[in-house]
Amino acid sequence: MSLYDDAVLVLKGYEGQDELRQSYLEHLAAHPDGMWKACHAGHVTASALVIDPERGRVLLTLHRKLRMWLQMGGHCEPGDATVAAAALREATEESGMAGLTLLPGGPVRLDRHPIPSPCHWHYDVQYAALAPSGAVAAISDESLDLRWFPYDEVASVADESVVRLMDATRARL
């Protein structure tokens, strides 16, 4: 199965956010290259909020280009077998943590947001990744900083999309 086919299956099976989910499916139907950064009309991305429920905190990265505190995530790559694998790869690369596991149940949320030219949209499929006990984070080249935030501090440093992802993740836990 191709990554494109996996994305369509994941989105068809995703429950909630019906109008937004349908816009993802329509985008992919209109753009067979919609999984890749080269699709300037927009492309699917995969992200994961790294969470430590035992300590009531989430790991955020200060994105080098956007200069915003965000969950780990980014573009799908040809070696990604599934959207979930892309999200886990991105979370592992950007957190520096081995042993992350995705929260069962598939994506936690969808978030479509505009991006600077030449592309127009990121169709982000958002997962949650559980940090293993005792894991130590290590900053990547894509980040200016990497930091754990208690749940109640996230809204003071991150935008609403991150807060919605955190709330949806906590609800699923």
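So, a few notes on the structure that sits alongside this text. (Residues numbered from 1 in each chain as written. Predicted model: local features only at pLDDT ≥ 70, side-chain atom pairs only at ≥ 80, totals over all residues. Heavy atoms only, no water.)

Before going further, it helps to examine helix α3 (residues 83-95). If you check α3, its first and last C-alpha atoms are 18 Å apart, about what 13 residues at 1.5 Å a residue would give, namely 18 Å. Buried positions along α3 lie against α1 (3-13), β1 (43-52), β2 (57-63), β4 (72-75), β7 (121-130) and β8 (143-150). (Helix = DSSP H or I, 4+ residues; strand = E, 2+ residues; numbered from the N terminus. Expected span 1.5 Å × (residues − 1). Contact = heavy atoms within 4.5 Å.)

Glancing now at the nonpolar core. Grouped together as the largest cluster of nonpolar side chains are 30 residues, with contacts concentrated most on M35, V50 and V83. Listed by contribution, the elements that provide at least two residues to this core are α1, α2 (18-30), β1, α3, β7 and β8. Setting aside chain neighbours within four positions, we find V83 in contact with L3, D6, A7, M35, A46, V125 and Y127. The next biggest cluster of nonpolar side chains, apart from the first, holds 18 residues, and it includes V58, L70, L103 and F149. (Core = buried A, V, L, I, M, F, W, Y, C linked by side-chain atoms within 4.5 Å. Buried < 20%, exposed > 50% of the residue type's maximum accessible area, 1.4 Å probe, protein only.)

Attention shifts here to the pattern of salt bridges. Counted under the stated rule, the structure contains seven salt bridges. Across the pair R89 and D80 runs a salt bridge, and its minimum N-O distance is 2.8 Å. For D80, a relative accessible area of 7% corresponds to the buried category. Between E90 and R89 there is a salt bridge, and its shortest N-O distance comes to 3.0 Å. One connected set of salt bridges, linked through shared partners, spans E77, D80, R89, E90 and E93. (Salt bridge = Lys/Arg side-chain N within 4 Å of Asp/Glu carboxyl O.)

Below, the discussion takes up the side chain of E94. Structurally, E94 can be placed in helix α3. Within the buried core, E94 has no salt-bridge partner, and the shortest N-O distance to an opposite charge, that of R89, equals 7.2 Å. Among the polar contacts listed, one links the side chain of E94 to the backbone nitrogen of G73, at a separation of 3.3 Å. Once residues within four sequence positions are removed from consideration, E94 is found in contact with T61, M72, G73, A138, S140, E142 and L146. (Lys, Arg positive; Asp, Glu negative; His and termini not counted. Polar contact = N/O pair within 3.5 Å; in protein donor to acceptor, adjacent residues only side chain to side chain.)

On to helix α5 (residues 160-172). With 13 residues, α5 should reach 18 Å at 1.5 Å per residue; the first-to-last C-alpha distance of 18 Å fits that figure. Taken residue by residue, α5 has S161, V162, V163, L165, M166 and T169 as its buried positions. Against β1, β2, β3 (69-70), β6 (109-114), β7 and α4 (154-157) lie the buried residues of α5.

On to the state of the cysteines. In a disulfide, the sulfur atoms of two cysteines are held together by a covalent bond. Under the definition given, this model contains zero disulfides. Residue C76 stays outside any disulfide, its sulfur separated by 12 Å from that of C39, the closest cysteine. Look at C76 and you get buried, because its relative accessible area is 6%. (Disulfide = S-S within 2.5 Å.)

Attention shifts here to the environment of I139. Relative to the assigned elements, I139 resides in the loop between β7 and β8. Residue classification places I139 among the partly exposed positions, given a relative accessible area of 48%. Considered as a pair, I139 and Q71 are 68 residues apart in the sequence and their alpha carbons are 13 Å apart. Those residues in contact with I139 that lie beyond four places of it in its chain are L144, D145 and L146.

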